[in-house]
Structures are given as structure tokens and as C-alpha cells.
Amino acid sequence: MGTTLCWSWILGQMEISFAGKHALVTGAGKGIGRATACSLSRCGAKVTALTRTQTDLDSLLLECPSIVPVCVDLSDWGATAAALEHAGPFDLLVNNAACAILQPFLEVIQCECEGSSTCVSVARSMKARGSGGSIVNVSSQASQCALRDHTVYCSTKAALDMLTKVMALELGPYKIRVNCVNPTVVMTEMGRIGWSDAEKASAMKSRIPLGQFAEVEDVVNSILFLLSDKSNMTSGATLPVDGGFLCC
Ligand code: NDP
């Protein structure tokens, strides 16, 4: 096989297509969710993008006109169920929405775990259709390593890792795969809340063997891999996108 032919064969093998698939991405107004929604659409999926700020959906539609927008706050379970009632069925779910409220442990007053209701209703519908599916939960390195002032964030992400495993266990028989990605810091709007301070940022980077934060693209690539049939035998995995942070 010539070199050119060989490369095009390799790229052909690696190409990820979501043609004919319908994906739901939560938290698609900004950051990782927004980039994931656009990438899925470029790879041929029909994409429903859910977030709670209408102006973000307006600008997303300018960027990616084929996307179907849903504006709802996931913390309102009733409104979310109503908004998604006729939006499916979905083959793929990226459970990405979250916010970071940084507080010392002794000042924590409220703990919410958004997104789990969406997982349940999408998984029920995948099971009812009988055609399988793939779900990616967006967790964090913070699920497996205690970070100062991140009580709620670390705890809910740790719960999300275990939720992923239990979902993989129970949904596997219906050919529904469930995995999560565990990124290190990404300088999105959320990342800037915790890591804009130069001293804090360089202390964190010094604990990452690759010596840098992740880019949005790094996380999106791992999400697409886990959604796709390139990871057909992977379920219940927590995939670090952390430059090696969690192995130290
Ligand atoms: P961003 O803050 O950039 O984007 C989050 C998006 O989710 C926004 O569009 C936000 O809408 C939406 N959202 C949040 N809460 C709700 C809700 N209740 N209902 C509907 N939409 C909601 O965050 P990132 O892209 O950085 O984070 C995405 C995921 O990646 C999160 O799960 C986060 O925990 C995880 N992660 C992020 C890291 C980082 O350093 N950035 C590191 C590791 C993991 P609005 O702006 O209107 O609130």
C-alpha cells in the first residue's frame, strides 16, 4: 500500500460519523457543551441543544443553523420533562450542564445534582425503542481528587462517576453504553471562575504532568469517541482528559 493510500485508509478507519443519529446535549449554550453540539452536527447528527439562556441559543443557531434549540432550566424537573416530551427520541445524550459554586465546606448550604432527571427519561425512551444508545456524562478530575472550596462540586462529580457505572450496569442489557469524561481545568466561563488567579492556576498546572490545562477541543474529541461506535465495547468508564493529573 502506498503512503498516501495508507494514510487515507487510516483516516477512513478513524472517521466518526453520526449520520442518522439524534443527539441531546445539555448545557449547550457555552463552553464544552456548545462545542460538542456543533461538532456532533458537523459529524452528521441531528442535534437538540438544551440550555437556560435564550441569547446563547440565538447565537448558537447563527453558528449552527440545523440545531434544534430547547430553552429550559434543568433544575426545574417538571419544566424539563415538558420541554423534552416531544423532542426525542434520542440515540445519544451528552449530560454536560453544570455550574460551579465555590464555597468552603463549612459554608455549604445547598447541594443540587442537576441533569439526572434527563438521564432517566432519555434512558427510559432508549430502552423502550430497543435500538440501544450511548450516553456521556461530563464529570471532572474533581470527582477523584479533593480540591479546596469544591465541596459540592467534588461530591456531585464523584456521585456522577458512580451513577455512570450503575447506569452502565443496568442499561448494558439494552445495548445502552454509559461513560464519562473527567477533564482537568478548561478555561471556559466556568473554568475562569475557579482558575483566573495566576498563582492558583500555576499551582494546578504544576500538578499536571503535561503542564497545561485542557482545551475545549480535547474534551469534545473524547466525548465524540465515547459516543461513537469506535468505543463499542467501552461502558462504565471514567476517561481522564487531564494531562495525567489523576495518576499523581
Ligand atoms: P460553562 O459554564 O462554560 O457552560 C455551562 C453551560 O451549561 C452553560 O451554557 C450554562 O447555561 C448551562 N447550564 C448550567 N446549568 C444549567 C441548568 N440548570 N439548566 C440548563 N443549562 C444549564 O461550563 P463548561 O463548559 O466549562 O462545563 C461543562 C461541563 O464540564 C460541566 O459539567 C463542568 O462541570 C465540566 N467540567 C468543566 C471544567 C472546566 O474547567 N471548565 C473542568 C472539568 C469538568 P448558563 O450560562 O445560562 O448558566
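As a reminder, the structure under discussion sits directly above these lines.
These notes cover the structure that comes with them. Quick caveat: nothing in here was measured; it's all calculated off a predicted structure.

### Examining the overall build of the chain
Stage number 1. Within the chain one finds nine helices and seven strands.
Stage number 2. Going through the 248 residues of the chain one by one, you find that 45% of them count as buried.
Stage number 3. Partitioning the intrachain contacts of the chain with sequence separation of at least 6 by distance along the chain shows that 72% fall at a separation of at least 24.
Stage number 4. Carbon and sulfur atoms make up 57% of the accessible area of the chain, which amounts to about 12800 Å² in all.

### Details of the nonpolar core
Stage number 1. If you look at the biggest cluster of nonpolar residues, it comprises 29 residues, and the most contacted ones within it are Leu40, Val181, Ile223 and Leu227.
Stage number 2. For this core, the secondary-structure elements that each account for two or more residues are β1 (22–26), α2 (31–42), β2 (46–51), α3 (54–63), β4 (92–95), β5 (133–138) and α9 (216–227).
Stage number 3. Among the nonpolar cores identified, the runner-up in size contains 19 residues, and Leu24, Val72, Met126 and Ala168 belong to it.

### Section: the sheet that holds β4
Stage number 1. Strands sit in the order β3-β2-β1-β4-β5-β6-β7 across an open sheet of seven strands; the sheet is parallel. Looking at which strands have only one partner, the edges of the open sheet turn out to be β3 (68–71) and β7 (238–241). The sheet shows a mean angle of 20 degrees between the axes of neighbouring strands, direction not considered.
Stage number 2. Two elements, β1 and β4, share three bridges in a ladder whose sense is parallel. In the strand pairing of β4, Ala23 is matched with Leu92.

### Concerning the site of the ligand
Stage number 1. Looking at the ligand, there are 29 residues lining it, with Lys30, Thr53, Asn96, Tyr153 and Thr188 nearest.
Stage number 2. At a separation of 3.4 Å, an oxygen atom of the ligand approaches a polar backbone atom of Gly29.
Stage number 3. Note that a nitrogen atom of the ligand is positioned 2.9 Å from one of the side-chain N or O atoms of Asp73.
Stage number 4. If the ligand stood free it would expose 900 Å²; the protein chains cover 94% of that surface.
Stage number 5. Residue assignment for the shell around the ligand shows that the elements contributing at least two residues are α2, α6 (151–171) and α7 (189–195).
Stage number 6. For the shell around the ligand, the leading source of residues is α7, giving three residues.
Stage number 7. Residues that form the shell around the ligand fall into these classes: eleven nonpolar, twelve polar and six charged.

### Notes on the packing of α2 against α9
Each pair of packed helices can be summarised by the angle the axes make with each other and by the distance between the axes.
Stage number 1. As a packed pair, α2 and α9 sit with axes 9 Å apart at the nearest point and diverge in direction by 55 degrees. With respect to their mutual orientation, α2 and α9 come out oblique. Crossing handedness for the pair α2 and α9: right-handed. Across from Gly31, Ile32, Ala35, Thr36, Ser39 and Leu40 in α2, the residues of α9 making contact are Val216, Val219, Val220, Ile223, Leu224 and Leu227.
Stage number 2. Broken down by class, the residue content of the contact of α2 with α9 amounts to nine nonpolar, three polar and no charged.

### Re the packing of aromatic side chains
Stage number 1. Throughout the structure, instances matching the rule amount to zero aromatic pairs.
Stage number 2. Cation over ring: Lys200 sits above Trp195, and NZ or CZ is 5.6 Å from the ring centre.
Stage number 3. In this structure, Lys205 packs its charged tip against the face of Phe213, placed 4.8 Å from the ring centre.

### With respect to unusual backbone geometry
Stage number 1. Look at the link from Gly88 to Pro89: it is a cis peptide, with omega at 0 degrees.
Stage number 2. Relative to the assigned elements, Pro89 resides in the loop between α4 (77–84) and β4.
Stage number 3. Positive phi outside glycine occurs at Asp149, with the angle close to 70 degrees.
Stage number 4. Positionally, Asp149 belongs in the loop between β5 and α6.
Stage number 5. Since its relative accessible area comes to 31%, Asp149 is described here as partly exposed.
Stage number 6. Although it is not a glycine, Lys175 sits at a positive phi angle of roughly 60 degrees.

Parameters at a glance
Residues numbered from 1 in each chain as written. Predicted model: local features only at pLDDT ≥ 70, side-chain atom pairs only at ≥ 80, totals over all residues. Heavy atoms only, no water. Helix = DSSP H or I, 4+ residues; strand = E, 2+ residues; numbered from the N terminus. Buried < 20%, exposed > 50% of the residue type's maximum accessible area, 1.4 Å probe, protein only. Contact = heavy atoms within 4.5 Å. Areas by Shrake-Rupley, 256 points an atom, 1.4 Å probe, with all protein chains shown as cover. Core = buried A, V, L, I, M, F, W, Y, C linked by side-chain atoms within 4.5 Å. Pairing = 2+ DSSP bridges. Axes fitted to C-alpha atoms, helices over the stretch in contact; angles between N-to-C directions. Near = heavy atom within 4 Å. Polar contact = N/O pair within 3.5 Å; in protein donor to acceptor, adjacent residues only side chain to side chain. Nonpolar A, V, L, I, M, F, W, Y, C, P; charged D, E, K, R; others polar. Parallel < 35°, antiparallel > 145°, perpendicular 65-115°, else oblique. Left-handed = near helix turned anticlockwise from the far one by under 90°. Phe/Tyr/Trp six-rings, centres within 6.5 Å; stacked < 30°, edge-to-face > 60°. Lys NZ or Arg CZ within 6 Å of the ring centre and 35° of its normal.

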